[in-house]
Each structure stands twice: as structure tokens, then as C-alpha cells.
Amino acid sequence: MPVSFLSQLQHQGRELTGRALDRHLRLGVTGLSGAGKTAFITSLVHQLTQGDSSDNLPFFAVVQQQRFLGARLSQQPLSVPRFALDQNLSYLQHEPPQWPPSTQGFSQLNLNLRYKAAEGLRARLQHSSELALEVIDYPGEWLLDLPLLELTYAKWCEFSWQLFARPHRKAAAEPFKQALLSADLSLSTPGQLQQLTDAYKTLMQQFHQIPGAYLNQPGRVLVPGELAGAPMLQLFPLLPEQLEAAPALAKQLEQHYQSYCQHVIKPFYQRYFARLDRQVILVDCLAALNAGADALAELSQALKLILQSFQYGPGGLLSRLFKPRIDKVLFAASKADHVTPEQHKALTLLLQQLLQQPLKQSLYQAATSEAMSIAAIRASNSGYVQVDGLAQPCLSGTTMTGKAVTYFPGEVPAAQPDAQLFSRHKFEFIELRPQPWRDNTALPHIRMDHVLQFLLGDKLR
Ligand SMILES: Nc1nc2c(ncn2[C@@H]2O[C@H](COP(=O)(O)OP(=O)(O)OP(=O)(O)O)[C@@H](O)[C@H]2O)c(=O)[nH]1
Ligand SMILES: [Mg+2]
């Protein structure tokens, strides 16, 4: 029997026992590319594994009550790469400091948290208790594949071309549209299929550069991972009117589409998302505001499509064992260190509106949810400057080009602004370099202690 299969069986056995005893938690970190998943996981794990964190995590009860005995990395399936925690931390220690790069594949990290139980039988019988925590990281582009499971190839073509007609995408999509219109689709040769595939890949790469063009599908065209060169990635949306006009090509593309759904998206979903206990949904609202009205609308649409793939509800013992559902959801507006603290409330309200308005309320009703503005790795310091005798809030930090700045980044609208406001006002929340950071010191953050308390607090009592 192959070693990896054996190790997987052992791992599943441990997970099932852990679940039965309610000692196992699988955390889903969900977010589009650039939302801040890798920074979030890096910070979360570092906050848990570094030594004394009581000064850095004032709202994390188990730490404040001095019951937290520490966390260490534990065994994980041999077939999945380990999350590159040390490597990510080392980027922050570069001279000048850098952010970890965009993620190109899966990785996972398993942690064992040790703590003293506060009350009940466990506290009396055991010196220490344990909770196994499992977190995975993956390229945000792949998340956008989940909604494809609900669509046929023909419906996807329709959806794509409606999307490509939007103002911020139309010009970029024109050359690919012309390539499709001028191709003799009745030929359907391998060379032609590859040419059009390459043209679609170029288009996707251009979309990727357009701020606010979030919904780029299929995700593996942009980040193929281990599938680079696989025939099923010869996949692009024909113009809807071409589906009947070029039946042979349409049929072939539909086969590739079905194969992609079956062999890429379904296993991805089942392996990493179908068994989540808790979920963090990270959203970079500020970048969308910078990019304008179309961006904000597309962000809201992308989130709505993705979140429909998850199941929410309380986890009773049986359901936890055999059909786990997400019982706690944290909506987090990421990179809150890009605005002054008194704007955090508005940022949180904007996030709630973006996420909840398009979704039926009932989707979340079964789960406990909370929304907050956070910075996994705080890159700015906030303070006040005197202007005409009045104290004005400000931030100080270093821009990505290395310039030290002290500034007021502007106000955050507490609700989705209408297109008119965007035409009058340009939002400019600038990106900042991480602050210099030394190993063995706490990572600066905003509200990661609240995050830990919400996600883990009840399991560490
Ligand atoms: N100021 C600030 N910037 C952040 C923070 N978290 C992430 N960023 C910025 O956002 C960028 C993207 O963050 P990542 O953590 O790589 O995002 P991701 O969701 O993992 O993206 P993919 O791997 O492409 O899916 C970083 O390179 C930083 O520039 C934060 O807490 N504060
Ligand atoms: Mg990442």
C-alpha cells in the first residue's frame, strides 16, 4: 500500500476521533487573489506559536487568563505541501521588508494548541487539553472556479460575454472577440484550438492587471499549478451565437469544461472546502474603492457567487462527524491599517453591505457571524497631527517605493457609494511596505486577538 495513502488513512482516522471529541477544527480562509489570505495565515500562526503573546493579544481570553500553553506544528498529510511559514516571515525581515509573494499552489498547516481548560470535567481531570487546528492556503484565483460547478459550458459562455461587455473590461476583450469572429471555427484543428487558448490566456492576464476585474475564470488558466499543459486547460468561452454555428468546436470545448469541473474543481472543493468548521472571509474593500464603481459591483458579485458554494449551520455531534457545516463565519475587511482607526467602523459596515445585501439572509442565519476590520500584519502607525489647533487623525508608514509618509488617507463610505460619487471623488488608499520586523518579536496587527477569540475562544474554554 503506498505510504501517502496509509498516511492519509491515519490522518483521517485522527481527524474523525478529534471531531468526535470536538477537538479538531478546520479553518477555511476564503478570499480573492490579493485579499490577504497568506498574510493572514502567517500572522495567525505566528501569533499562536510565538512565546509570550499576552501584550500582543489583549482580547484573546485563553492567553489573558494565562491558560494558553502554546502551539506547535503537527503532522499533516504527506501529500500536501506545508505552508511556508518561515519563508513568509523571512520576507518581512528583508532589507527593505517585503510582503510574501502571491500564492501559486496548495499548502496546509496543522497546529496543535495546548491549553488548560477553565472549567468542567476536563479542567478537573486533565492537566492540559489539546485542540488540533488545520488551515490551508491556495491561490485566490482558484476560488472563482467554484461557481462553475453550477453552470453548463453554454451558460458559462453567456455569463462570460456579459461580464466582458462591462465598461472596465470591454476594450481589453475586443481583440479576443475579433479573434473568435475571424477564426474559421468549422476547421476545429488542434493548432487553432491552441491559438485561441493562448489568446484567451493573454486576455485573462490583461484582466488580471485591471484593478477591479475580479471574476476571471477558469482560475487554472491564470495559475495552472500542477496542471500546466493539461489538454483540459484548452478552454475559453465561445461567443454565445457561435455555439450552434460551430458545433464540433463547441462540443470539444464542452468536454474540456466538463472534465475541468469533474477532475479539477470537484476534488478541490471536496478536499479543501466541503469539510470546513469555521470560515474567515477576507475582503479588500479599500482596493475596490480605489478602482471605482464597476470594481465594487464586480467584487460584490464575485463574493456572492463564491459564498453560495458553502454550507452554513450549527454542527451537532452527528453532523460534525459526517457532514460538517460551518458554524461560525467571520467577515473581515482586510488591510484596515490603510485607514485611520476612526474609519474602521465605516469600513466594517461597507463590508457587511457588500456581503450580505446580495445574499439571502437565510444563508448565514444558521451560523454565528461577526464582521470586523482587521490588519493581519499592520504596516502603519496611527496618530494625530495638529491642523489649525485641532487634532486630526493621520497614519505614518513607508510607501512601496520606499518613501516615508505621514498622511490622512481619506474617509471610508459606510455604504456602497453610487456611481455619481465615484465620478466626483477619487479614493486613494495607498499600499504600504511592511514595517521592519525582527524575528522572535510579536507581529504588529489590528484585531487579530478579536479574530482568534471569535474563531477559537469557545473551543479553548
Ligand atoms: N497594509 C497591509 N497590507 C496587507 C496586509 N495583508 C496583505 N496585505 C497586502 O496585500 C497583498 C496581498 O496579500 P496576500 O496575503 O499575498 O494575499 P492572498 O489572498 O494570499 O493572495 P493570492 O495568494 O494571490 O491569492 C500583500 O502583498 C500586501 O501588499 C495587511 O494586513 N496590511
Ligand atoms: Mg496567497
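Scroll up for the structure.
Values in this document were obtained by computation on a predicted structure and should not be read as measured data.

The rules behind these values
Residues numbered from 1 in each chain as written. Chains lettered and ligands numbered in written order. Predicted model: local features only at pLDDT ≥ 70, side-chain atom pairs only at ≥ 80, totals over all residues. Heavy atoms only, no water. Donors = N, O, S within 2.8 Å, 3.2 Å for Na, K, Ca; no water. Helix = DSSP H or I, 4+ residues; strand = E, 2+ residues; numbered from the N terminus. Pairing = 2+ DSSP bridges. Axes fitted to C-alpha atoms, helices over the stretch in contact; angles between N-to-C directions. Buried < 20%, exposed > 50% of the residue type's maximum accessible area, 1.4 Å probe, protein only. Polar contact = N/O pair within 3.5 Å; in protein donor to acceptor, adjacent residues only side chain to side chain. Contact = heavy atoms within 4.5 Å. Near = heavy atom within 4 Å. 1 Å grid on protein atoms, 1.4 Å probe; cavity = no way out; pocket = protein on both sides within 12 Å on 5 of 7 lines; lining within 4 Å. Sits in = over half its atoms within 2 Å of the grid points.

Caption draft 1: Local environment of the coordination of the magnesium ion (ligand 2). Looking at the magnesium ion (ligand 2), one finds its protein donor set to be Thr-38 (OG1) and Thr-103 (OG1), positioned 2.0 to 2.1 Å from the metal centre. With a gap of 65 residues between them, Thr-38 in helix 2 (residues 37-49) and Thr-103 in the loop between helix 4 (85-92) and strand 3 (107-115) connect regions that are remote in the sequence.

Caption draft 2: The sheet that holds strand 9 (residues 390-398), seen in detail. Pairing is antiparallel in the open sheet, where 3 strands are placed in the order 8-9-10. The sheet is open, and its two borders are formed by strand 8 (381-387) and strand 10 (404-407), each paired with just one other strand. The sheet shows a mean angle of 35° between the axes of neighbouring strands, direction not considered. With 7 bridges connecting them, strand 8 and strand 9 associate as antiparallel partners. Each residue of the ladder has a partner; that of Gly-383, found in strand 9, is Cys-394.

Caption draft 3: Structural detail: the pairing of strand 10. Burial of the side chains of strand 10 is restricted to one face: Val-405 and Tyr-407 are buried, whereas none of Ala-404 and Thr-406 on the reverse face is. When strand 9 meets strand 10, the two strands line up antiparallel, connected through 4 bridges. Counterpart to Leu-395 in the pairing with strand 10 is Tyr-407. Hairpin connection, strand 9 to strand 10: the antiparallel pair is bridged by 5 residues, and Gly-402 has positive phi, about 95°.

Caption draft 4: Summary view of the side chain of Ser-373. Residue position: Ser-373 is located in strand 7 (residues 368-373). In this structure Ser-373 comes out as buried when scored by relative accessible area, which is 1%. Polar contacts involving the side chain of Ser-373 include one to the main-chain carbonyl oxygen of His-344, which spans 3.1 Å.

Caption draft 5: Structural view of the sheet that holds strand 5 (residues 278-283). If you walk across this open sheet you meet the 7 strands as 2-3-4-1-5-6-7, and the pairing is mixed. The strands lining the two open edges of the sheet, one partner per strand, are strand 2 (68-73) and strand 7. Shown here is a sheet whose adjacent strand axes are inclined to one another by a mean of 20°, direction ignored. Taken together, the 5 bridges between strand 2 and strand 3 define a ladder with antiparallel strand orientation. Bridge assignment links Ala-71 to a residue of strand 3, and that residue is Leu-113. In this fold helix 2 packs onto strand 1 (24-30), strand 2, strand 3, strand 4 (129-137) and strand 5, with an angle of close to 160° to the strand it touches most, strand 4.

Caption draft 6: Molecular detail of the site of ligand 1. Close to ligand 1 lie 20 residues; Lys-37, Ser-102, Thr-103, Gly-140 and Asp-337 are nearest. Residue Gly-36 places a main-chain N or O atom 3.0 Å away from an oxygen atom belonging to ligand 1. A distance of 3.0 Å separates a nitrogen atom of ligand 1 from a polar side-chain atom of His-338. A majority-of-atoms criterion places ligand 1 in the largest pocket.

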